[in-house]
Structures are given as structure tokens and as C-alpha cells.
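If you want the building blocks of each chain, they are given just below.
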Amino acid sequence: MRSKLIVESMLANGMLDVDRHNPNDFITYTTKATKLLEAALADVTQHEDVADVVAAMFDAKFCTSAAQQDPSEWIMFAEAAIAELKVV
């Protein structure tokens, strides 16, 4: 799975919170993120490198649970980062 590192980083850095999100949210948003990011990475020749950089962005607080409370924002930002990085 090409998006695994990114999704793990998003989850580890607060995309979803047990106090604000129920188990169904975890399933729904994690599945949505995986599907969309897999599609975004499908045509990227250096997908491992791009995934590493995008995951590092989340690890460096590219998004925070305080600033981006909607998990869809995290997914959208990851897709945008992949789109920009895939041409490098």
C-alpha cells in the first residue's frame, strides 16, 4: 500500500481524536484517506519518496488537530502535497 506511511503519520499526529470522533469516523476517514491517497500516488514513479516527504510534513505539524479539526482537510492537504511533489 503506497499511502500507508502517510495515513499512519496523519493518524499519529491527530487527524482523528477519540474525544471528538467515534469508531465509525475512524473507519470512514481512514478508508477515505487510503483510497484517495492511493489514487493520488498511483501514477507517481517515485511514490516511496513522495510518501516519505508528505508523512514528514505531517510529523512536522503540517496540520494540527487545533487548526484543522475536519479530517477531510488533512486528506485534501495530503492530496495537494502529492500533486505538487510528484512533478519534482
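Below is a summary of the structure that appears in this document.

Conventions and cut-offs
Residues numbered from 1 in each chain as written. Predicted model: local features only at pLDDT ≥ 70, side-chain atom pairs only at ≥ 80, totals over all residues. Heavy atoms only, no water. Helix = DSSP H or I, 4+ residues; strand = E, 2+ residues; numbered from the N terminus. Expected span 1.5 Å × (residues − 1). Buried < 20%, exposed > 50% of the residue type's maximum accessible area, 1.4 Å probe, protein only. Arc of directions from axis to C-beta. Contact = heavy atoms within 4.5 Å. Phe/Tyr/Trp six-rings, centres within 6.5 Å; stacked < 30°, edge-to-face > 60°. Core = buried A, V, L, I, M, F, W, Y, C linked by side-chain atoms within 4.5 Å. Axes fitted to C-alpha atoms, helices over the stretch in contact; angles between N-to-C directions. Parallel < 35°, antiparallel > 145°, perpendicular 65-115°, else oblique. Nonpolar A, V, L, I, M, F, W, Y, C, P; charged D, E, K, R; others polar. Polar contact = N/O pair within 3.5 Å; in protein donor to acceptor, adjacent residues only side chain to side chain.

For helix 3 (residues 47-59), built from 13 residues, the straight-helix expectation of 18 Å at 1.5 Å per residue is met to within 8% by its first-to-last C-alpha distance of 18 Å. Turning to helix 3, its buried residues number three or more, namely His47, Val50, Ala51, Val54, Ala55 and Phe58. Summarising the axial view, the buried residues of helix 3 lie within an arc of 130 degrees, below the 170-degree limit, and thus occupy one face. For helix 3, the secondary structure elements touched by its buried residues are helix 1 (4-12), helix 2 (23-41) and helix 4 (71-85).

Attention shifts here to the packing of aromatic side chains. For any pair of aromatic rings, geometry is given as the distance between the ring centres together with the angle between the planes. Applying the stated criterion to the full structure yields three aromatic pairs. With a centroid separation of 5.4 Å and an interplanar angle of 85 degrees, the aromatic rings of phenylalanine 58 and phenylalanine 62 are classed as edge-to-face. Judged by centre distance (5.7 Å) and plane angle (5 degrees), the rings of phenylalanine 58 and tryptophan 74 are stacked. Residue phenylalanine 58 is located in helix 3, and its partner tryptophan 74 is located in helix 4; the two are separated by 16 residues in the primary sequence. One aromatic cluster is present, formed by Phe58, Phe62, Trp74 and Phe77 through successive ring pairs.

So, about the nonpolar core. Ranked by size, the top nonpolar core spans 21 residues in total, and within it Ile6, Met10, Val54, Phe58 and Ile82 carry the most contacts. For this core, the elements supplying multiple residues, two or more each, are helix 1, helix 2, helix 3 and helix 4. Ignoring sequence-local partners within four residues, the contact set of isoleucine 6 consists of Leu37, Leu41, Ala51, Val54, Ala55, Phe58, Ala78 and Ile82.

With their axes 8 Å apart at the nearest point, helix 1 and helix 3 run at an angle of 5 degrees to one another. Between helix 1 and helix 3, the interaxial angle falls into the category roughly parallel. Residues Leu5, Ile6, Ser9 and Met10 of helix 1 form the contact with helix 3, whose own contacting residues are Ala51, Asp52, Val54, Ala55, Phe58 and Asp59. Across the contact of helix 1 with helix 3, the residue classes break down as seven nonpolar, one polar and two charged.

Further remarks concern the side chain of asparagine 13. One can find asparagine 13 in the loop between helix 1 and helix 2. Exposure remark for asparagine 13: the relative accessible area of 15% places this residue in the buried category. A distance of 2.8 Å separates polar atoms of two side chains, one belonging to asparagine 13 and the other to aspartate 59. Once residues lying within four places of it in the same chain are set aside, the contact partners of asparagine 13 are Phe58, Asp59, Lys61 and Trp74.

It is worth stressing that arrangement in space is one thing and function is another; only the former is reported here.
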